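What follows is the residue order along each chain.
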Amino acid sequence: MLAEDIQDTSAEIDSHNPHDPSGSSRIMEEGELLIAGIGSLGCTWAKAAQARVSEWVDLTLVDADESTMDGVRHANCLLLGDTPSEVGCAGMPQLAESRMRTLQPIAAHFLERAELVLMLTGLGGGSGSGASIEFARQAAQAGCLVISVAAIPFEAQSERQKIADAALSRLSSVSHVCVELSLDRMAWQARERGVDWQQGSAWVEELAEGLMRTLANVGLINLDLMDLRAIVSKSGGSTLLVAEGHCDEAQELYERARSSPLAALSVGGATGCLLQVEGGPHMTLKQVEAVANAFTDGLSIDAQVIIGARVSPDLQERMRVVAVVSGLPRGSSEGLV
Ligand SMILES: Nc1nc2c(ncn2[C@@H]2O[C@H](COP(=O)(O)OP(=O)(O)OP(=O)(O)O)[C@@H](O)[C@H]2O)c(=O)[nH]1
Ligand SMILES: [Mg+2]
């Protein structure tokens, strides 16, 4: 990818603070960014992820299990069904989907205000596999950009895998971006770090935080959401890459983004890429260019690349990169390494 092929939406890196009310930029309004957890695992992840960005991002929890919502404050909580059950919608995605349908009038209240919904769910059970499809459909219908992150069950869970497979293809068709996470890869990485796989969701939290910070920090959110829409509207598959690291180590940043516990995926041949690079006050255009080159190498030769860069004083010598890659050839299932 040549530098002149890159459509740069922010040639100048300035240190303008979008949260400064005296600035000309638009500040995100309450409720425009939303993290939603669907099902027990999805809700666990959503609570942890939203806690990192709670100043600008709202939380929605959807589950059949009432205990998921215990002690939660400041969230939209939707309980699937009239008779709360500790066992959820065990193995009954259709039941969860139809219950979510009946909740549409309530969900419409906060989905109307939302611009972007990041939905986290674990497939293979009832609540997540059924309600996530209906929730994503309602969000898209309300005009939201919908990014779904769906965990695929462990390989040993063959019955759950079947439910997940059926749900995933429907979920992809109602989401603008659908990111698959492999629980096996996640558990393996959690073991390496010596933490429990369910609690070892740091990668999901980082993904959510990176994306939300990127969007909430921009001066002109509408422009960025339009860019994001332009990229995700390309036909084919799409996914997200997120990484944070030292600003002089572009290639390492890229390798870190690629070693995330995504299900088997290749970004080769992609036709669109939105790259947001955020760095400390001393970040240079050369460093931004190095990251752009690392992330866009291997994309289709005529890929549309939109790049944005901005300064965040708290990042110091570090850089945070969020890439939305789209137009992926369907069925490409090479490993990550
Ligand atoms: N091995 C194992 N896998 C789990 C466990 N809990 C969740 N999972 C995995 O995570 C996926 C999603 O689980 P949950 O989020 O609990 O399911 P749910 O959407 O709440 O579904 P229901 O409880 O059936 O309504 C499952 O399909 C499993 O692959 C667990 O305790 N052990
Ligand atoms: Mg459950």
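Residues numbered from 1 in each chain as written. Chains lettered and ligands numbered in written order. Predicted model: local features only at pLDDT ≥ 70, side-chain atom pairs only at ≥ 80, totals over all residues.

Caption draft 1: View of helix α6 (residues 183–193). Among the residues of α6, those classed as buried are Leu183, Met186 and Ala190. Taken down its axis, α6 places every buried residue within 60° of arc, on the same side. Along α6, exposed side chains directed more than 90 degrees from the buried face belong to Trp188, Arg191 and Glu192. Two residues or fewer past α6, Gly194 is found with a positive phi of approximately 75°. (Buried ≥ 20, exposed ≤ 12 C-beta atoms within 10 Å, placed from the backbone. Helix = DSSP H or I, 4+ residues; strand = E, 2+ residues; numbered from the N terminus. Arc of directions from axis to C-beta.)

Caption draft 2: Structural detail: the packing of helix α2 (residues 93–102) against helix α4 (residues 127–141). One can describe the packing of α2 onto α4 by two numbers: an axis separation of 7 Å at closest approach and a directional angle of 35°. The element α2 and its partner α4 pack so that their crossing is right-handed. Contacts from Pro93, Gln94, Leu95, Ala96, Glu97, Arg99, Met100 and Arg101 of α2 reach α4 at Ser127, Ser129, Gly130, Ala131, Ile133, Glu134 and Phe135. (Axes fitted to C-alpha atoms, helices over the stretch in contact; angles between N-to-C directions. Left-handed = near helix turned anticlockwise from the far one by under 90°. Contact = placed C-beta atoms within 7 Å.)

Caption draft 3: The arrangement of the confidence of the model for the protein in detail. Residue-level pLDDT values for the protein average 82, and 82% of them are 70 or greater. Across residues 1–25, where pLDDT falls below 50, the model places 43 contacts with residues more than four positions away in sequence or in other chains. Low confidence marks residues 333–337, where pLDDT is under 50. Its contacts with residues over four positions away, or in another chain, come to nine contacts. (pLDDT = per-residue confidence, 0-100.)

Caption draft 4: Representation of α2. Looking at α2, one finds that the buried residues are Pro93, Ala96, Glu97, Arg99 and Met100. Taken around the axis of α2, the buried residues stretch over an arc of 165°, which confines them to a single face. Exposed residues lying more than 90 degrees from the buried face of α2 are Gln94 and Thr102. Elements in contact with the buried residues of α2: β3 (58–63), α4 and α5 (158–174).

Caption draft 5: Representation of the nonpolar core. Counting residues in hydrophobic clusters, the biggest one holds 98 residues, and the most contacted among them are Cys273, Val321 and Ala323. Shared between two domains, this core holds at least three residues of each, these being domain 1 (3–25 + 229–328) and domain 2 (33–210). Contacts of Cys273, omitting those with residues within four sequence positions, involve Ile231, Phe295, Thr296, Leu299, Ala303, Val305, Ala323, Val324 and Val325. (Core = buried A, V, L, I, M, F, W, Y, C linked by C-beta atoms within 7 Å. Domains from an automatic or database assignment.)

Caption draft 6: A look at the pairing of strand β5 (residues 116–122). Most of β5 is tucked away, with seven of its seven residues classed as buried. Taking every second residue as pointing to the same face, both faces of β5 are buried, with Leu116, Leu118, Leu120 and Gly122 on one and Val117, Met119 and Thr121 on the other. As defined by bridge partners, strand β2 (residues 33–38) adjoins β5 across six bridges and the pair is classed as parallel. By the bridge assignment, Gly37 is partnered in β5 with Leu120. Judged from the seven bridges that link them, β5 and strand β6 (residues 145–152) form a sheet pairing that is parallel. (Pairing = 2+ DSSP bridges.)

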